[in-house]
Amino acid sequence: MRPWRLELAARLDELWRAGKPQSEILISRTEFKVHAAEVANKVAAAALTVTGGYGYHQGPIERSFRDARAAITMGPSNVIARDWIGKALVGLPLELFYEEGE
């Protein structure tokens, strides 16, 4: 994840220096958010499995699991983010509802 994160940060810096909006890489940032949240969730779930009931006690593993689960639902939630990514791939507007929509 680190190389991908650094690449996105460099692209954001370039946009900032050029005076362009960050929205130019909205889909790339959204893809990163979805992937990072799901990787964190899998790692935290594996840590809980390895530690058994002790992982559920208040501490670093429990906190990591809680935070990883929260990242999936934080705005935009991964469900909405996937919707945006799919719409961008087929050239549809990202809005949830629009005049010519469903």
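As the structure is a computational prediction, the values presented were derived from the model and not from experiment.

Criteria and thresholds
- Residues numbered from 1 in each chain as written.
- Predicted model: local features only at pLDDT ≥ 70, side-chain atom pairs only at ≥ 80, totals over all residues.
- Heavy atoms only, no water.
- Helix = DSSP H or I, 4+ residues; strand = E, 2+ residues; numbered from the N terminus.
- Buried < 20%, exposed > 50% of the residue type's maximum accessible area, 1.4 Å probe, protein only.
- Contact = heavy atoms within 4.5 Å.
- Areas by Shrake-Rupley, 256 points an atom, 1.4 Å probe, with all protein chains shown as cover.
- Lys, Arg positive; Asp, Glu negative; His and termini not counted.
- Charge placed at Lys NZ, Arg CZ, Asp CG, Glu CD.
- Salt bridge = Lys/Arg side-chain N within 4 Å of Asp/Glu carboxyl O.
- pLDDT = per-residue confidence, 0-100.

Q: I'd like a description of the overall build of the protein chain, backed by residues and values.
A: Looking only at helices and strands, the protein chain has 4 helices and 0 strands in total. Within the protein chain, the proportion of its 102 residues that are buried is 20%. Sequence separation of 24 or more characterises 51% of the internal contacts of the protein chain that already satisfy a separation of 6 or more. Of the accessible surface of the protein chain, which amounts to about 7,500 Å², a share of 60% is contributed by carbon and sulfur atoms. If the 13 positive side-chain charges of the protein chain are averaged to one point and the 13 negative ones to another, these points end up 10 Å apart.

Q: How would you explain the pattern of salt bridges if you had to name every residue and give the values?
A: Per the counting criterion, the structure on display carries 5 salt bridges. We note a salt bridge from Asp 83 to Lys 87, for which the minimum N-O separation is 3.5 Å. Of the two residues, Asp 83 and Lys 87 are both situated in helix α4 (residues 78-90); the distance of 4 residues between them amounts to about one turn of the helix. Asp 83 sits in the partly exposed class, given a relative accessible area of 31%. One network of salt bridges, with partners in common, ties together Glu 62, Arg 66 and Asp 67.

Q: Before we move on, could you go through the confidence of the model for the protein chain and cite the residues and values that matter?
A: In this model, the protein chain carries a mean pLDDT of 91, and residues with pLDDT of at least 70 account for 93%. Between the elements of the protein chain, mean pLDDT differs from a low of 93, seen in helix α3 (residues 60-73), to a high of 96, seen in helix α1 (residues 2-18).

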